[in-house]
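A look at the structure
Here are the chains, one letter per residue:
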Amino acid sequence: MKTPLSYLTIARYGETEIIIQKSRFICQATPVKTEEEAQKFIADISKKYWDASHNCSAYLVTDLIQKASDDGEPSGTAGKPMLEVLHSKKVQYTAVVITRYFGGIKLGAGGLVRAYSQGTSAALEAAGIVQPVLHQSINISFDYTHIGKLEHELRQTSYFLDQPIFTEHVSWTLWVPVDEIEQIQSQIIDWTHGQANVELGELEYRVK
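Overview of the structure. From a predicted model like this one, the values you see are computed outputs, not experimental measurements.

Here we come to the overall build of the protein. A tally of regular secondary structure across the protein gives five helices and twelve strands. Computed over the C-alpha atoms, the radius of gyration of the protein is 24 Å, more than 25% above the 17 Å expected from 2.2 N^0.38 for a compact globule of 208 residues. Expressed as lengths along the three principal axes of its C-alpha atoms, the size of the protein is roughly 75 × 30 × 25 Å. Burial statistics for the protein: of 208 residues in total, 42% are counted as buried. Restricting the contact set of the protein to residue pairs at least 6 apart, pairs at least 24 apart contribute 70%. Carbon and sulfur atoms provide 50% of the accessible area of the protein, an area that totals close to 11,400 Å². With 19 positive and 25 negative side-chain charges, the protein shows a separation of 12 Å between the mean positions of the two kinds.

This structure, assessed with the given rule, holds five aromatic pairs. The rings of Tyr7, Tyr93 and Tyr205 are connected pair by pair, giving a single aromatic cluster. Over the ring of Phe160 we find Arg206, and its NZ or CZ is 5.1 Å from the ring centre.

This part is about the pairing of strand E8 (residues 133-142). Most of E8 sits inside the fold, with seven of its ten residues counted as buried. Here E8 runs beside strand E12 (residues 197-206); their pairing, made up of eight bridges, is antiparallel. Bridging across to E12, Asn139 finds its partner in Glu199. Sheet topology places E8 next to strand E11 (residues 170-177); eight bridges connect them, and they run antiparallel. Bridge pairing in E11 links Ile140 to Trp172.

Attention shifts here to the sheet that holds strand E5 (residues 65-69). Adjacent strands of a sheet pair through backbone hydrogen bonds, lying either parallel or antiparallel. Read across the sheet, five strands follow the order E2-E3-E6-E4-E5 without closing on themselves; strand pairing throughout is antiparallel. Two strands in the sheet have a free side with no partner beyond their single neighbour: strand E2 (14-20) and E5. Averaged over all pairs of adjacent strands, the angle between strand axes in this sheet comes to 15 degrees, irrespective of strand direction. Looking at chain direction, strand E4 (residues 54-62) and strand E6 (residues 94-101) are connected through seven bridges and run antiparallel.

Calculation notes
- Residue numbers here run from 1 along each chain, matching the order of that chain's written sequence.
- For a predicted model such as this one, the threshold for reporting local features is a pLDDT of at least 70, and the threshold for listing and counting side-chain atom pairs is 80 or more; totals across whole chains, interfaces and linings nevertheless cover every residue.
- Excluding hydrogens and water, the side-chain figures rest on all heavy atoms present in the structure.
- Under the scheme used here, helices are H or I runs from DSSP no shorter than 4 residues and strands are E runs no shorter than 2 residues, and both carry numbers assigned from the N terminus.
- Throughout, radius of gyration means the C-alpha value; the globule benchmark is 2.2 Å times the number of residues raised to the power 0.38.
- Throughout, exposure labels follow a simple rule: accessible area from a 1.4 Å probe, protein chains only, divided by the maximum for the residue type, with under 20% read as buried, over 50% as exposed, and the rest as partly exposed.
- Here, residues are in contact when the closest pair of their heavy atoms is within 4.5 Å.
- Each accessible area is a Shrake-Rupley result for a 1.4 Å probe, and residues are judged covered by the shown protein chains and nothing else.
- Charge counting treats Lys and Arg as positive and Asp and Glu as negative, with His and both chain ends excluded.
- Here the site of a charge means NZ on Lys, CZ on Arg, CG on Asp, or CD on Glu.
- Classification of ring pairs rests on two measures: the distance between centres of Phe, Tyr or Trp rings, Trp counted by its six-membered ring, which must be within 6.5 Å, and the angle between planes, read as stacked under 30 degrees, edge-to-face over 60 and tilted in between.
- A ring has a charge above it when a Lys NZ or an Arg CZ is no more than 6 Å from the ring centre and no more than 35 degrees off the ring normal.
- Paired strands, in this sense, are two strands between which DSSP finds at least two bridges.
- To obtain an axis, a line is fitted to C-alpha atoms, over the contacting stretch when the element is a helix, and the angle between two such axes runs from 0 to 180 degrees between their N-to-C directions.

Okay, here's the thing in structure tokens:
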């Protein structure tokens, strides 16, 4: 399967709380790397809020790894709408748990679907949606005579720049979106009149 150039996920753990018809909904979302991390997040919250009426959950790691749980709510009124929000927002590597303390007023199937959908959206908003982009490291080695030109040009880009290393030559690593690799390689050759040694390194998703 081809590695995607970018994807959407959440930036950090996010939590918020909403009250609907006296029911308290604690809405929590977290980024996860694996299904095991998602399941642990759900288990930890369920343990913390063991006295709650329900701890409903959904996670979407990839389209092939996803799951939803109503945790005692009427079938299809909690976990499924939570998962549908994750799909509609197109976020991956994300787990959401909504803890409900029943307030004594029944919401009905439609009310529950709206509540859990709203809660999921609120949790994602609290966590912040970001778009990691696949970058590749470029390791440049060059003579000191080119440091002024290269530093001037590179610091005007939006690339991630590691600290240069000064030894017999200058070594500098930058991280570039993979679809811009050929362009920057050509520019480095121009800036140094073909005198720089350029090597491609590892791949990594990064967020500006």
